[in-house]
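# Structural overview
Here is what each chain is made of, one letter per residue.
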Amino acid sequence: SYASDGRSRGKDGMDSCNANIEGKVSAFVQSSDATRNVPFQLVLRDSSSSSSSSAQISINKAFVDDSYKVSIPKTSIGNVPIASYTCTANVQNMPVLVQSKI
């Protein structure tokens, strides 16, 4: 999800705004091994080319170790929360999708 929290004029005279982005990462692991789920590596990457973005990531230490190896026990059923993140970026010409629910 995202929310625009302000508008300003950029160096080139174009309108820009700050976008706050929040998200959650979850995993659902189903393994044919009856005794354990196979661990996997979590790769974190900011693909933004903007130097004006900032990201904060919160890792669920119950399932993720310091080297970002994710181990989900067989006793965990369904989606398991792995991480959550927030990012703030200054963007120009950001399209906005507006949805209404009835």
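We now turn to the structure provided with this report. Along every chain, residues carry numbers that run from 1 in the direction the sequence is written. Only residues with pLDDT of 70 or above have their local features reported here, since the model is predicted, and side-chain atom pairs are shown and tallied only from 80 upward, although totals for entire chains, interfaces and linings are computed over all residues. Think of the side-chain values as coming from all heavy atoms in the structure, minus any hydrogens and water.

## A look at the environment of Asn37
The criterion, for reference: Runs of E in the DSSP output that reach at least two residues are strands. Runs of H or I that reach at least four are helices, and both are numbered from the N terminus. We call two residues contacting when some pair of their heavy atoms lies within 4.5 Å. Each polar contact in these results corresponds to two N or O atoms within 3.5 Å; when the atoms are within protein, one needs to be able to donate a hydrogen and the other to accept it, and residues that are neighboring in sequence are counted only if both atoms are side-chain atoms.
Looking at where Asn37 falls in the secondary structure, it is placed in the loop between β2 (15–27) and β3 (40–41). In this structure, the C-alpha to C-alpha distance between Asn37 and Thr75, residues 38 residues apart in sequence, is 9.7 Å. Once residues lying within four places of it in the same chain are set aside, the contact partners of Asn37 are Val29, Ser31, Ile72, Pro73 and Lys74. In this structure the side chain of Asn37 is engaged in a polar contact, spanning 3.0 Å, whose partner is the backbone oxygen of Ile72.

## What to know about the pattern of salt bridges
Convention followed: Note on definitions: salt bridges are taken to be side-chain nitrogens of Lys or Arg within 4 Å of carboxyl oxygens of Asp or Glu. Type-normalised accessible area, obtained with a 1.4 Å probe on protein chains alone, sets the label of each residue: buried when under 20%, exposed when over 50%, and partly exposed for intermediate values.
Within this structure, the stated rule accounts for one salt bridge. Between Asp66 and Lys61 there is a salt bridge, with its nearest N and O atoms 2.9 Å apart. According to the relative accessible area criterion, Asp66 is exposed, its value standing at 67%. Judged by its relative accessible area of 54%, Lys61 is exposed.

## Focus: a nonpolar patch on the surface
To keep things clear, this is the line we draw: Patches here are clusters of residues that have more than 30% relative accessible area and form no salt bridge, with a 9 Å joining cutoff for like charges and a 5 Å cutoff for nonpolar side chains (Val, Leu, Ile, Met, Phe, Trp, Tyr). Surface exposure here means Shrake-Rupley accessible area, sampled with a 1.4 Å probe, where a residue is shielded only by the protein chains that are shown.
On the surface, Ile21, Val25, Leu44, Ile57, Tyr68 and Tyr85 cluster together to form a nonpolar patch covering roughly 470 Å² of accessible area. With respect to the secondary-structure elements, Val25 resides in strand β2. For Val25, a relative accessible area of 31% corresponds to the partly exposed category.

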